[in-house]
Amino acid sequence: MDCSSMDAGFSSLRSEAAGAMRTVLVSAENLQLTLKPELSQEEQSLTHTNSSPKDSHKAGNEDLKEMLESSKESLKLEAMKRIVGLIAKGKSASELFPAVVKNVASKNIELKKLVYVYLVRYAEEQQDLALLSISTFQRALKDPNQFIRASALRVLSSIRVPIIVPIMMLAIKEAAADLSPYVRKTSAHAIQKLYSLDPDQKEQLIEVIEKLLKDKSTLVAGSVVMAFEEVCPDRIDLIHKNYRKLCNLLVDVEEWGQVVIISMLTRYARTQFTSPWMEGAEFDENKAFYDSDSEEKKDQTEAKPYVMDPDHRLLLRNTKPLLQSRNTAVVMAVAQLYWHLAPKHEVSIVTKSLVRLLRSHREVQYIVLQNIATMSIQRKGMFEPFIKSFYVRSTDATHIKTLKLEILTNLANEANISTILREFQTYVKSQDKAFAAATIQAIGRCATNISEVTDTCLNGLVLLLSNRDEAVVAESIVVIKKLLQTQPTQHGDIIKHMAKLFDNVTVPMARASILWLMGEYCEKVPKIAPDVLRKMAKTFTAEEDIVKLQTVNLAAKLYLTNSKQTKLLTQYILNLGKYDQNYDIRDRTRFIRQLIVPNEKSGALSKYARRMLLAPKPAPVLESAFKDRDRYQLGTLSHSLNLKATGYQELPDWPAVAPDQSVRNVEIVEPLREWAPIVGKTKQPKSDDKFYSDDEDEKEEEGSDSSGSGSEDSSSSSSSEESGSESEEESSEDSEKTSSDSGKSSSGSEKSSSESESDQKKKKKTKKAQQKKSKPTADSDSDENGNGPVGQASSSSSESSSDSESDSESDSESDSPAPKKKTEVKAKPKVAVNSKKEVSLLDLDDFSPAPTNAPKPSVLSQSLLSDLEGLSLSNISSAVQQEKKS
Amino acid sequence: MNQSQGFFKDIQISCLVVGWLLSNTASIILSFRVWGGQSMTDSAPSWFFYSAEMIHSLFLINHLGDIFLEKHWKSVISRSVCDYFFEAREKAVDPENVPPVLQTPHHYLISIYRGKLFFLSVIQTEVPPLFVIEFLHRVADTFQDYFGECSESVITDNLVIVYELLEEMLDNGFPLATESNVLKEMIRPPNILRSVVNTLTGGSNVGETLPQGQLSNIPWRRAGVKYANNEAYFDVTEEIDAIVDKSGTTVSAEIQGVIEACVKLSGMPDLTMSFMNPRLLDDVSFHPCVRFRRWESERVLSFIPPDGNFTLMTYHISSQNLVAIPVYVKQSINFFEAGSCGRLDITIGPKQTMGKTVEDLKVTIHMPKAVLNANLTATQGNYTYDCTTKMLVWDIGKLNPQKLPNLRGSLSMQTGVPNPEENPSLNIDLKIQQLAISGLKVSRLDMYGEKYKPFKGVKYVTKAGKFQVRT
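Residues numbered from 1 in each chain as written. Chains lettered and ligands numbered in written order. Predicted model: local features only at pLDDT ≥ 70, side-chain atom pairs only at ≥ 80, totals over all residues. Heavy atoms only, no water.

- As recorded in an unreviewed UniProt entry, chain B goes by MHD domain-containing protein and comes from Oreochromis aureus.

## Quick word on the overall build of chain B
Move 1: What chain B contains, in helices and strands, is nine helices and 23 strands.
Move 2: A buried classification covers 56% of the 471 residues belonging to chain B.
Move 3: A total of about 20100 Å² of accessible surface is found on chain B, and carbon and sulfur atoms cover 53% of it. (Helix = DSSP H or I, 4+ residues; strand = E, 2+ residues; numbered from the N terminus. Buried < 20%, exposed > 50% of the residue type's maximum accessible area, 1.4 Å probe, protein only. Areas by Shrake-Rupley, 256 points an atom, 1.4 Å probe, with all protein chains shown as cover.)

## Here we look at the overall build of chain A
Move 1: In terms of helices and strands, chain A carries 50 helices and zero strands.
Move 2: Within the span of chain A, comprising 886 residues, buried residues form 61% of the whole.
Move 3: Taking as baseline every contact in chain A between residues at least 6 positions apart, the subset at least 24 positions apart corresponds to 70%.
Move 4: Carbon and sulfur atoms provide 53% of the accessible area of chain A, an area that totals close to 34700 Å². (Contact = heavy atoms within 4.5 Å.)

## Section: empty space enclosed by the protein
Take a probe with the size of a water molecule and roll it over the atoms, and the empty space left behind shows itself.
Move 1: Under the defined criterion, the tally for this structure stands at 18 cavities of 30 Å³ or more.
Move 2: Approximately 150 Å³ is the volume found for the largest cavity.
Move 3: Forming the walls of the largest cavity are 16 residues, and the residues nearest its centre are L358, S389, R393 and K404 of chain A together with E254 of chain B.
Move 4: The element that contributes the greatest number of residues to the lining of the largest cavity is strand 9 (residues 250-264) of chain B, accounting for three residues. (1 Å grid on protein atoms, 1.4 Å probe; cavity = no way out; pocket = protein on both sides within 12 Å on 5 of 7 lines; lining within 4 Å. Points joined across faces, edges and corners; volume = space filled by probe spheres on them.)

## Concerning the packing of helix 31 (residues 454-464) of chain A against helix 32 (residues 470-486) of chain A
Residues and elements named next belong to chain A.
Move 1: Interaxial distance between helix 31 and helix 32 falls to 9 Å at its minimum, and their mutual angle equals 150°. With respect to their mutual orientation, helix 31 and helix 32 come out roughly antiparallel. Seen from above, helix 31 lies across helix 32 with left-handed handedness. Residues L458, L461, V462 and L464 of helix 31 touch helix 32, and the partners they reach there are V472, V473, S476, V479, I480, L483 and L484.
Move 2: Broken down by class, the residue content of the contact of helix 31 with helix 32 amounts to 10 nonpolar, one polar and no charged. (Axes fitted to C-alpha atoms, helices over the stretch in contact; angles between N-to-C directions. Parallel < 35°, antiparallel > 145°, perpendicular 65-115°, else oblique. Left-handed = near helix turned anticlockwise from the far one by under 90°. Nonpolar A, V, L, I, M, F, W, Y, C, P; charged D, E, K, R; others polar.)

## Remarks on the pattern of salt bridges
Move 1: Scanning the entire structure with this criterion turns up 48 salt bridges over all chains.
Move 2: As a salt-bridge pair, R664 of chain A and D311 of chain A come within 2.6 Å of each other at their nearest N and O atoms. Within this pair, whereas R664 of chain A is found in the loop between helix 40 (637-641) and helix 41 (672-682), its partner D311 of chain A is found in helix 22 (residues 310-319), the two being separated by 353 residues in sequence.
Move 3: Overall, the relative accessible area of 0% leaves D311 of chain A in the buried class.
Move 4: Note that E363 of chain A and R362 of chain A form a salt bridge whose closest N and O atoms lie 3.0 Å from each other.
Move 5: Through salt bridges with shared partners, a single network forms among K113, R154 and K193 of chain A together with K71, E167, E168 and D171 of chain B. (Salt bridge = Lys/Arg side-chain N within 4 Å of Asp/Glu carboxyl O.)

## Some remarks on the sheet that holds strand 12 (residues 300-303) of chain B
Note: strands within a sheet are paired through backbone hydrogen bonds, in either parallel or antiparallel orientation.
Residue and element names in this part refer to chain B.
Move 1: Strand order in the open sheet formed by three strands is 12-10-22, with antiparallel pairing between adjacent strands. Of all strands in the sheet, those with a lone pairing partner are strand 12 and strand 22 (442-448), marking the two edges. This sheet shows a mean twist of 10° between the axes of neighbouring strands, independent of strand direction.
Move 2: Two elements, strand 10 (residues 270-275) and strand 22, share six bridges in a ladder whose sense is antiparallel. In the sheet register, L271 faces strand 22, and the bridge partner there is M447. (Pairing = 2+ DSSP bridges.)

## Let's talk about the packing of aromatic side chains
Move 1: This structure, assessed with the given rule, holds 24 aromatic pairs over all chains.
Move 2: Ring plane angle 50° and centroid distance 5.6 Å describe the contact between F97 of chain A and Y118 of chain A, whose orientation is recorded as tilted. With a gap of 21 residues between them, F97 of chain A in helix 8 (residues 97-101) and Y118 of chain A in helix 9 (residues 109-122) connect regions that are remote in the sequence.
Move 3: You can call F97 of chain A buried: its relative accessible area is 0%.
Move 4: Relative accessible area serves as the criterion here: at 1%, Y118 of chain A is assigned to the buried category.
Move 5: By way of ring pairs, the aromatic residues W256 of chain A together with F131, F135 and F174 of chain B are connected into one cluster.
Move 6: One cation-aromatic arrangement involves R121 of chain A over Y122 of chain A; the distance from NZ or CZ to the ring centre is 4.5 Å.
Move 7: Of note, R664 of chain A hangs over the ring of Y243 of chain A, and the distance from its end group to the ring centre comes to 5.6 Å. (Phe/Tyr/Trp six-rings, centres within 6.5 Å; stacked < 30°, edge-to-face > 60°. Lys NZ or Arg CZ within 6 Å of the ring centre and 35° of its normal.)

## A look at the sheet that holds strand 1 (residues 57-61) of chain B
Residue and element names in this part refer to chain B.
Move 1: Strand order in this open sheet of five strands is 2-1-5-4-3, and the pairing throughout is antiparallel. One side of each edge strand has no neighbouring strand; the edge strands of this open sheet are strand 2 (67-72) and strand 3 (101-103). Going across the sheet, the axis of each strand differs from the next one's by a mean of 20°, ignoring polarity.

## Notes on helix 12 (residues 146-158) of chain A
Residue and element names in this part refer to chain A.
Move 1: A rise of 1.5 Å per residue sets the reference length of helix 12, with its 13 residues, at 18 Å; its end C-alpha atoms lie 18 Å apart and thus fit the reference within 8%.
Move 2: Counting buried positions along helix 12 gives 10 out of 13 residues, so the element sits mostly inside the fold.
Move 3: Where helix 12 is concerned, the buried positions are F147, R149, A150, A152, L153, R154, V155, L156, S157 and S158. (Expected span 1.5 Å × (residues − 1).)

## Looking at the side chain of K404 of chain A
Move 1: If you trace the backbone, K404 of chain A turns up in helix 28 (residues 398-411).
Move 2: When its relative accessible area of 7% is taken as the criterion, K404 of chain A is described as buried.

## So, helix 15 (residues 202-213) of chain A
Residue and element names in this part refer to chain A.
Move 1: Between the first and last C-alpha of helix 15 there are 16 Å, a value that for 12 residues agrees with the 16 Å anticipated at 1.5 Å per step.
Move 2: All of the buried residues along helix 15 are L205, I206, V208, I209, L212 and L213. End-on view of helix 15: buried residues confined to an arc of 160°, all on one side of the axis. The outward face of helix 15, more than 90 degrees from its buried face, is lined by the exposed residues E203 and E207.
Move 3: Buried positions along helix 15 lie against helix 13 (165-176), helix 14 (181-197), helix 16 (218-231), helix 17 (237-240) and helix 18 (243-249). (Arc of directions from axis to C-beta.)

## Here's the deal with the environment of E254 of chain B
Move 1: Locating E254 of chain B in the fold gives a position in strand 9.
Move 2: Separated by 14 residues in sequence, E254 of chain B and I240 of chain B have C-alpha atoms that sit 5.9 Å apart.
Move 3: Among the polar contacts made by the side chain of E254 of chain B, one reaches the side chain of S389 of chain A at a distance of 3.4 Å. (Polar contact = N/O pair within 3.5 Å; in protein donor to acceptor, adjacent residues only side chain to side chain.)

## A word on a nonpolar patch on the surface
Move 1: On the surface, F591, L605, Y608 and M612 of chain A cluster together to form a nonpolar patch covering roughly 380 Å² of accessible area.
Move 2: F591 of chain A sits in the partly exposed class, given a relative accessible area of 40%. (Patch = residues over 30% accessible without salt bridge, like charges linked within 9 Å, V, L, I, M, F, W, Y side chains within 5 Å.)

## Regarding the pairing of strand 14 (residues 327-336) of chain B
All names here are of chain B.
Move 1: Because side chains alternate across strand 14, one face comprises the buried residues V327, V329, Q331, I333 and F335, and the other comprises Y328, K330, S332, N334 and F336, none of which is buried.
Move 2: In the sheet, strand 14 pairs with strand 15 (residues 341-350) via 10 bridges, with the strands oriented antiparallel. The residue of strand 15 that forms the bridge with V329 is I348.

## Examining unusual backbone geometry
Move 1: If you check the backbone angles, N642 of chain A has positive phi at about 55° while not being a glycine.
Move 2: Mapped onto the elements of the fold, N642 of chain A is located in the loop between helix 40 and helix 41.
Move 3: One non-glycine residue with positive phi stands out, namely K390 of chain B, at about 60°.
Move 4: Positionally, K390 of chain B belongs in the loop between strand 18 (382-386) and strand 19 (391-397).
Move 5: A relative accessible area of 13% places K390 of chain B in the buried class.

## Section: the nonpolar core
Residues and elements named next belong to chain B.
Move 1: By size, the foremost hydrophobic cluster in this structure holds 342 residues, and its most contacted members are F119, F143, F234 and I348.
Move 2: Excluding residues within four positions of it along the chain, I348 makes contact with V327, Y328, V329, L361, V363, W394, I396, L399, L404, P405 and I428.
Move 3: Membership of the second largest hydrophobic core comes to 16 residues, among which are F59, I77, A88 and A92. (Core = buried A, V, L, I, M, F, W, Y, C linked by side-chain atoms within 4.5 Å.)

## Observations concerning the side chain of S476 of chain A
Move 1: Turning to its location among the elements, S476 of chain A is positioned in helix 32.
Move 2: Looking at S476 of chain A, its side chain comes within polar contact range of the main-chain oxygen of V472 of chain A, at 2.6 Å.

## Looking at the packing of helix 14 of chain A against helix 16 of chain A
Residues and elements named next belong to chain A.
Move 1: Look at helix 14 against helix 16: their axes get within 8 Å of each other, and the N-to-C directions meet at 15°. The angle between helix 14 and helix 16 places the two elements in the roughly parallel class. For the element pair helix 14 and helix 16, the recorded crossing hand is left-handed. In contact with P181, Y182, R184, K185, A188, H189, I191, Q192 and Y195 of helix 14, helix 16 contributes L219, V220, S223, V224, M226, A227, E230 and V231.
Move 2: Looking at the contact of helix 14 with helix 16 residue by residue, the class counts come to 11 nonpolar, three polar and three charged.

## Re the environment of S466 of chain A
Move 1: For S466 of chain A, the position within the fold is in the loop between helix 31 and helix 32.
Move 2: For S466 of chain A, a relative accessible area of 59% puts it in the exposed group.

Next up, the structure:
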């Protein structure tokens, strides 16, 4: 059946060609389909009616064709549904192309959609027939309905037929200038499709991308950045002017776009900003970088302490809230951004969110654990408090268990090792033996890394030697062997113990390990070692290759140290080895014989035999399998596979000197230093400032800024007024961007902080308002003024944290209404100033219109009214305005 | 400028030709052929150009290893690519153990396992694996949402809808519409009545009107929602993940909370939910509708909800906080070398239940292979032992503090097989109604933006998540 369906396209050929030809065709079906479909399909379209009657499948398609050609809509629809069913099952329906394509202009939306599905699937194979449909799409591109325009462009661009490249190009250009953001989004998608169809169009497509990058719609942002990443990821210059806009839009972009934008901005930041990591940072990744110009760097840091570029800070600040996304890919994207871009002490804020992801699906856990494993090698401290989240459950999948084990081992230190070892004890008993074996490896690693527990671990492992499960015993032996090598002196007992076990152990690796130990430390067990060799001589021929090699090894070492007892045994084993089937063993045997048994041919080498064979060997280093994964950017496919995937782009190193910062200025109104923090500020809740305490300048500015625009403080200092007006200018400029976008920013998550601050007050006020509903608005006005002095107080200590501010506010709230009435009179002049201020507030609101905080319109304060002025979306604002008038 | 004019002319010509072709469909194929053939040779290299789209193809595979659906967003990739996956599947024994990310010579395979089905996506270039995994789960969620379950039979029964959904969800390998509200406007979910009507009238399940949601500033909510009864229900569900060791001490315990909402409100309501004790919430994640900034500054959830069912937020209360463990378990499981038998004795009692009743109590034990059968008596509830899967399930029901449920008896073991090293761990299931074990409480829910008075309700329930007692 499958065969017949696959070569349905060749029916005509088949009817002509001989049987031999047919077998060739069948064997190379796929190849044929892609290499020369045009011939067969044309022939087939000509001789379509003569298709072979033998083929039952074909007969089925025949009635589908009839249905498609009938005049009844429902029959056509039914036929299309069955055809889509065929496609879904991977069966060929390509010979129906001519019949299907006629329905492309159908009025029935569902029929049309199914035809689209069909077209996209088969257009590539039936190029010339596919062209029949093009004019329909061209007409649809001019449709007044944006949705039809978009879907026409979608299908048109999905038809992978090279001849329509110019048509597609034109359609993309037009769609990129469409009024509807949805159509523009579709055009961004089409760019990638056209580029993959015809890379020669690159230059023209870059022009379109440049244009779309300027787009202010959140709908478009993700898609165009995706196109940028595919077509011209190296044209970083296109991003400069849009950098701040992208940062600010980020919160409102749809989830998938966020991932793409974040990863692009990570790369961008690595090329445009200087490293925030101080000297002596233990990032292996950048060691080379630091080493190469550490001198220069030191000079710099001495001369001028590191100051983070405000744009760098803007990016970190605007991505932080996305850690709370429900989309695990977004959380991971932000986590890697912080890992690669943030100052060391800030990286740890991603920990909680990553740990949260561990509750998600198995596959998500897998990827997240891999990334945590890499992170935990370099930064133990980040995950140490969450160590219990990595405890293994018996219901976890094996690869999850091993990853958790890896992380637990990475996190082990002097303080927590006893807890971890106790946990490991449970795991060793697990029914999942592969996991138990991995646990033993992990214990070995802990023992070498933390010298305090080496003995404890060793004793524990020795106890495991009496375990009933062979895999566990074998693994223990291997690990003990490695541990003994690190401190062989005092462990004669263990070696004896293992020699006793030797008869019962059958796992080759374990047997080989014991033999090696015997040989290496034969002086410590002078009586047992020759006996073991004697046993081996008996079973030599039946052993595995690694065991044989180690037997030869042991024989040689014993011969050198105790030739009296073992000479004959050694001779015997060497003779056995000489005629072994495996050439490695024959080879080794010959080599050993020449080395240890002096004769005239062996020359000077045998003098050194003892030094060669019994040389002290360095202990093996037990280290994490994730040790070298940090070469790859976190969260990437390459990181997951630990191998460079096709299309992987290395994360560039920080530049030694930052490139020109001014390239990102959209319009240079104010000097950059003042500009950026304010824009950042408008997006920034107070609580963040508390956290980012590294930049004093910035903070001061922000503090004064917030007191200016945030609290309705009439007596704020002149400097804060200035900064307020600055922000006004900037925001009005921005507001052009955003408002044109039909207030998309209304999702409100990017509310300005000034708003959120006043929100806070609003909230309380409305609460109060509910308590004393009967009071007129004038009262709440006085309320407002009552807040004045408090605001002043908080502004005077602008450095104070948000907590303290809100405290002081709530203090004022707890005041009884009486003192407020007192201030009413005093407040009069302040009201005047207040109204002056309102202008700026109003503009700020325009900048980010938010239906968010639409409170109950019952009783509203003056400040609230001004806050709501900018709301274009909610019907409340009009209600509010009415109230204001009244 | 000149260049672009020339370009225009070119296109006009081709448009003309194509338009003319369309009007003469039947007779024109022959003359068309020459032109088409020529174009093919010109553009041959493009066949070999690999594009860097994110998700190239999707295969759905059932537990028997049959591919029952395939969808390609770009050129077709042969099914044989799945052979690499089948190989790994074979090796893994258990379907849960198949590595989610695999590498083949020319492609990368990223798969998820949901409801006994594998969703296998084919990737050609570097892409964040979580991006793909998250998307595949979103696809599975959408199927679940549309058809009530996500199984092979429903998917094959609704193949056309599935195909239409996949078409809408991904464009050229990049996610397009993944919001359930938006999708439902474009493609209606099936229901029995409609399918009957459709067969009679030839109607369709594709929306006649065009979606507004995609285009509005609130992409997750459809416009023009109207209900006669306006209601908003919130279910606060908390799951306790805990590991309790042999002696009864808690090794680790954390709470995973989720607030599921069912909002049926007309118009564009703007809701604000506040908590009595938001400080409890250690780490949270939100539906995109929730305003981050309001949460950060005021610890309230402010949002314009999607229509219908959705997950408003999930939260995590980590092991650093004290987590109440509702029940204690006294157990002893022993295997004796002599006589090849074992003894089992389990008693469960209430610990920290906050005065509520523990319901739906269930103990599941995965016995070692050597256990052949169980001969037990339960003072309450029933037990079953499945000899093939080695699962002992004791279904207790309601926990009565006066008379503690007990399960005891003997286990018959395979003779000649060494005793199992490890005693099996007990997995506990339970439910406590009207209680969020963390103590979280919703203090109020306010609605702005609409005039009517909605009916509001909040329900709490605590469940055992991954609750394991080691023995």
